[in-house]
Amino acid sequence: MLFFGIIGFGVFLYGCFYTLASVIFDCDVRLGFLDKFGKSPRRLKGKVAFITGASSGIGEHTAYALAKAGVKLVLTARRSLELQRVKQQCIVVSNGQLEEKDILVIPMDVLDLSSHKTHFQHAIRHFGHVDILINNAGRSQRANWENIDITVDRQMFELNVFAVVNLSRVALEHFNKRGQGHLAVVSSLAGILGAPFSGSYTGAKHAIHGYFNGLRAEKLGTQIHVTLLCPGPTFTNFLAEAFTDKDGEKHHGSTKPTDKRMTAERCGHLNAVAIVNKVGEAWMGLFPLMPMVYVSIYFPNLYSLGMRILGPQYLYKLRDSKEYTGFTEMSKTE
Ligand SMILES: NC(=O)c1ccc[n+]([C@@H]2O[C@H](COP(=O)([O-])OP(=O)(O)OC[C@H]3O[C@@H](n4cnc5c(N)ncnc54)[C@H](OP(=O)(O)O)[C@@H]3O)[C@@H](O)[C@H]2O)c1
């Protein structure tokens, strides 16, 4: 009896500790501990990382976090001038660890799947090999689910899913030959929680989890690692570029310094910590997002009840730091 009492008390303490830690940390509890006590990104020094969407936001700041650690970089996106700016900044923050030849800029549209192999081989020719692929390029969406044109659903899946899957297969061919490699994908908390007013985006990010959890299960016991990086709201240009419900339209949303968002710098650092520690899935976000994700996974009924009480407008405000007033009105005011 005493034995079961001790086990029960231990479980209770563990639960209390996790609840408290999830309130304090800006990431899941495991990642928070790895950030303080795990391997430092410096352990990646000398490795080669290929990053998509490195010209701004989370991709740019992941590049800086890796450059600080002395990781050689392949920076890709469509805007080559921005990539050159990021390259020069990477050299500065590397503090003498990286020079011009250690950072390769490849202008690349990830939607051109037929070019993936050529670009990846360019990186292999330059560095001899690639150790890590970070699939980060992507765009969000703001729209009412029922209004979304199916063309927009297709375009979101082309960018946020099929481009990622295709480039990852190209990288895997190389990783399989070497017997090692690391595939990281920037997903989103929207890939775990159902985010309202982003139907195709939420669908695309959930699809990413399906694809890469499946791959991880195939590669168990090998030296090929898969990491899903799931940020919550982060200060980037994301809302300006987001899809709406109509083909060819952008949301043109903006952020304010007072918004409740993580900085792209912090997100880039946490991405580097998750990669060096070979975490399978990492969550990042300011309070109350972490406790919400834990509740949604461990107590789904409680989460549904909470969401029924709070309503979709609550999640919208949590995500965009403003009241939901409908998208036609918003596009007039922004
Ligand atoms: N910001 C957030 O709140 C948030 C939250 C959760 C997840 N995320 C995820 O974070 C990732 C990066 O987004 P971000 O917030 O950093 O936004 P961002 O600043 O707009 O960056 C998006 C990046 O993707 C690139 N990109 C877009 N379309 C591309 C294409 N067709 N080909 C090549 N590159 C392309 C852009 O570069 P070019 O325009 O130069 O091509 C840019 O570098 C996305 O996967 C997003 O889903 C963001």
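What you are looking at is a predicted structure, and each value in this text was computed from that prediction instead of being measured.

1. Some words on the environment of Asn95
Part 1: Within the element layout of this structure, Asn95 appears in the loop between α4 (80-93) and β3 (103-107).
Part 2: Of the residues examined, Asn95 reaches a relative accessible area of 69% and is grouped as exposed.

2. A few points about the packing of aromatic side chains
Part 1: Here the structure, examined in full by the defined rule, presents 16 aromatic pairs.
Part 2: A ring pair is formed by Phe25 and Phe33, whose centres lie 5.7 Å apart and whose planes are at 80 degrees; its orientation type is edge-to-face.
Part 3: When the ring of Phe157 is compared with that of Phe162, the centres are 6.3 Å apart and the planes differ by 55 degrees; the resulting orientation is tilted.
Part 4: Overall, the relative accessible area of 23% leaves Phe157 in the partly exposed class.
Part 5: On the accessibility criterion, Phe162 (35% relative accessible area) is partly exposed.

3. Remarks on unusual backbone geometry
Part 1: Cis geometry is adopted by the peptide bond preceding Pro288, which originates at Phe287 and carries an omega value of 10 degrees.
Part 2: Looking at where Pro288 falls in the secondary structure, it is placed in the loop between β7 (281-284) and α10 (289-298).
Part 3: With phi around 55 degrees, Asn95 is a residue other than glycine that occupies positive phi space.

4. Quick look at the packing of helix α1 (residues 2-24) against helix α2 (residues 29-37)
Part 1: Taken N-terminus to C-terminus, the directions of α1 and α2 make an angle of 75 degrees; their axes are 9 Å apart at the nearest point. Considering the angle they form, α1 stands roughly perpendicular to α2. Contacts between α1 and α2 involve Phe17, Tyr18, Ala21 and Ser22 on the former and, on the latter, Val29, Arg30 and Phe33.
Part 2: The residue makeup of the contact of α1 with α2, split by class, is five nonpolar, one polar and one charged.

5. Some points on the packing of α2 against helix α9 (residues 264-276)
Part 1: Packing of α2 against α9 brings their axes to within 10 Å, and their N-to-C directions diverge by 85 degrees. Between α2 and α9, the crossing angle belongs to the class labelled roughly perpendicular. Packed against α2, whose contacting residues are Leu31, Leu34 and Asp35, the element α9 presents Arg266, His269, Leu270, Val273 and Ala274 at the interface.

6. Some remarks on the site of the ligand
Part 1: Near the ligand, the surroundings consist of 29 residues, among which Arg78, Arg79, Asn136, Tyr201 and Thr236 are the closest.
Part 2: In the environment of the ligand, an oxygen atom lies 2.8 Å from a nitrogen or oxygen atom belonging to the side chain of Ser55.
Part 3: Backbone polar atom of Val110 to a nitrogen atom of the ligand: 2.9 Å apart, as the coordinates give it.
Part 4: Look at the ligand: alone it shows 880 Å² of surface, and the protein chains cover 96% of it.
Part 5: Elements represented by at least two residues in the shell around the ligand include exactly α3 (57-68) and α7 (199-218).

7. Some words on α2
Part 1: Within the sequence span of α2, burial applies to Val29, Leu31, Gly32 and Leu34.
Part 2: Contacts made by the buried residues of α2 are with α1, α9, β7 and α10.

8. A few points about the pattern of salt bridges
Part 1: Inspection of the entire model under this criterion finds 15 salt bridges.
Part 2: When the shortest N-O distance is used, the salt bridge between Glu82 and Arg85 registers 2.8 Å. Of the two residues, Glu82 and Arg85 are both situated in helix α4; the distance of three residues between them amounts to about one turn of the helix.
Part 3: You can call Glu82 partly exposed: its relative accessible area is 28%.
Part 4: We classify Arg85 as partly exposed; its relative accessible area is 38%.
Part 5: When salt bridges that share partners are traced, they join Asp26, Asp35 and Arg266 into one network.

About the thresholds
- Residues numbered from 1 in each chain as written.
- Predicted model: local features only at pLDDT ≥ 70, side-chain atom pairs only at ≥ 80, totals over all residues.
- Heavy atoms only, no water.
- Helix = DSSP H or I, 4+ residues; strand = E, 2+ residues; numbered from the N terminus.
- Buried < 20%, exposed > 50% of the residue type's maximum accessible area, 1.4 Å probe, protein only.
- Phe/Tyr/Trp six-rings, centres within 6.5 Å; stacked < 30°, edge-to-face > 60°.
- Axes fitted to C-alpha atoms, helices over the stretch in contact; angles between N-to-C directions.
- Parallel < 35°, antiparallel > 145°, perpendicular 65-115°, else oblique.
- Contact = heavy atoms within 4.5 Å.
- Nonpolar A, V, L, I, M, F, W, Y, C, P; charged D, E, K, R; others polar.
- Near = heavy atom within 4 Å.
- Polar contact = N/O pair within 3.5 Å; in protein donor to acceptor, adjacent residues only side chain to side chain.
- Areas by Shrake-Rupley, 256 points an atom, 1.4 Å probe, with all protein chains shown as cover.
- Salt bridge = Lys/Arg side-chain N within 4 Å of Asp/Glu carboxyl O.

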